[in-house]
Amino acid sequence: MDNSITSMLFSLVSLISPLFVFIASCYYISKNAKVDAILLFIGSGVALLLNIFYSVVMPYLVQNNGMPVSEVTRYYSILGVVSFIAGICFATGLFLLIYNTVNANKTTNNQFPPINN
């Protein structure tokens, strides 16, 4: 029993980084609810849910229900497509955030007159 608890805890370590990204996305959307924040939130939320499914739910289903390999493969295929869409949402939101931040800095720099010594 101790070995299964230890392996379960080690499998949950992989959830730390998606959880931090999701928390950061939640913070960003609470401060600035624009398209980039929404895409980051959706992408990181779906990625976190999929990581939980891959780390906790799927091993439980395979181990306790004796799921056949064909069914496991079908689940992984469907979730792979969902993961791809979530990754595209997150990447699009990240690029929009970077683009908007760079353009905001350009307009801010153009508002001040140059310093002449």
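Residues numbered from 1 in each chain as written. Predicted model: local features only at pLDDT ≥ 70, side-chain atom pairs only at ≥ 80, totals over all residues. Heavy atoms only, no water.

**Student:** Looking at this structure, I do not really get the overall build of the protein chain. What am I missing?
**Tutor:** Looking only at helices and strands, the protein chain features four helices and zero strands. Going residue by residue from the N terminus, the α and β elements of the protein chain occur as α-α-α-α. Sorting the 117 residues of the protein chain into buried and exposed places 19% on the buried side. Of the contacts formed within the protein chain by residues at least 6 apart in sequence, a portion of 66% connects residues at least 24 apart. Counting every atom, the protein chain has about 8500 Å² of accessible surface; 71% of that belongs to carbon and sulfur. (Helix = DSSP H or I, 4+ residues; strand = E, 2+ residues; numbered from the N terminus. Buried < 20%, exposed > 50% of the residue type's maximum accessible area, 1.4 Å probe, protein only. Contact = heavy atoms within 4.5 Å. Areas by Shrake-Rupley, 256 points an atom, 1.4 Å probe, with all protein chains shown as cover.)

**Student:** What should I look at first to understand the packing of aromatic side chains in this one?
**Tutor:** How two aromatic rings sit relative to each other is given by the distance of their centres and the angle of their planes. What the rule picks out here adds up to two aromatic pairs. Aromatic pair Tyr54 and Tyr76: ring centres 5.3 Å apart, planes at 10°, arrangement stacked. Highlighted residues: Tyr54 in helix H3 (residues 35-65) and Tyr76 in helix H4 (residues 69-110), separated in sequence by 22 residues. Residue classification places Tyr54 among the partly exposed positions, given a relative accessible area of 25%. Using a relative accessible area of 37% as the deciding quantity, one classes Tyr76 as partly exposed. (Phe/Tyr/Trp six-rings, centres within 6.5 Å; stacked < 30°, edge-to-face > 60°.)

**Student:** I would appreciate a short explanation of the packing of helix H2 (residues 16-31) against H3 in the present structure.
**Tutor:** Helix-helix packing is characterised by the crossing angle of the two axes and by the distance between the axes. Where H2 contacts H3, the two axes come as close as 9 Å, and the packing angle between them is 155°. It follows from the interaxial angle that H2 and H3 lie roughly antiparallel. Here H2 runs over H3; the crossing is left-handed. Note on element contacts: H3 touches H2 through Asp36, Ala37, Ile38, Leu40, Phe41, Ser44, Gly45, Leu48 and Asn51, opposite Pro18, Leu19, Val21, Phe22, Ser25, Cys26, Tyr28 and Ile29. Of the residues assigned to the contact of H2 with H3, the class counts are 12 nonpolar, four polar and one charged. (Axes fitted to C-alpha atoms, helices over the stretch in contact; angles between N-to-C directions. Parallel < 35°, antiparallel > 145°, perpendicular 65-115°, else oblique. Left-handed = near helix turned anticlockwise from the far one by under 90°. Nonpolar A, V, L, I, M, F, W, Y, C, P; charged D, E, K, R; others polar.)

**Student:** What am I meant to see in the confidence of the model for the protein chain here?
**Tutor:** If pLDDT is low for a region, its predicted coordinates should not be looked at in detail. Per-residue pLDDT for the protein chain has a mean of 83; in total, 86% of the residues score no lower than 70. Across the protein chain, element-level confidence peaks in H2 with a mean pLDDT of 91 and bottoms out in helix H1 (residues 2-12) with 70. (pLDDT = per-residue confidence, 0-100.)

**Student:** What am I meant to see in the side chain of Ser44 here?
**Tutor:** Residue placement: Ser44 occurs in helix H3. Residue classification places Ser44 among the buried positions, given a relative accessible area of 3%. Separated by 3.2 Å, the side chains of Ser44 and Ser25 make a polar contact. From its side chain, Ser44 meets the backbone oxygen of Phe41 in a polar contact 3.3 Å long. When neighbours within four sequence positions are excluded, Ser44 is seen to be in contact with Val21, Phe22, Ser25 and Phe90. (Polar contact = N/O pair within 3.5 Å; in protein donor to acceptor, adjacent residues only side chain to side chain.)

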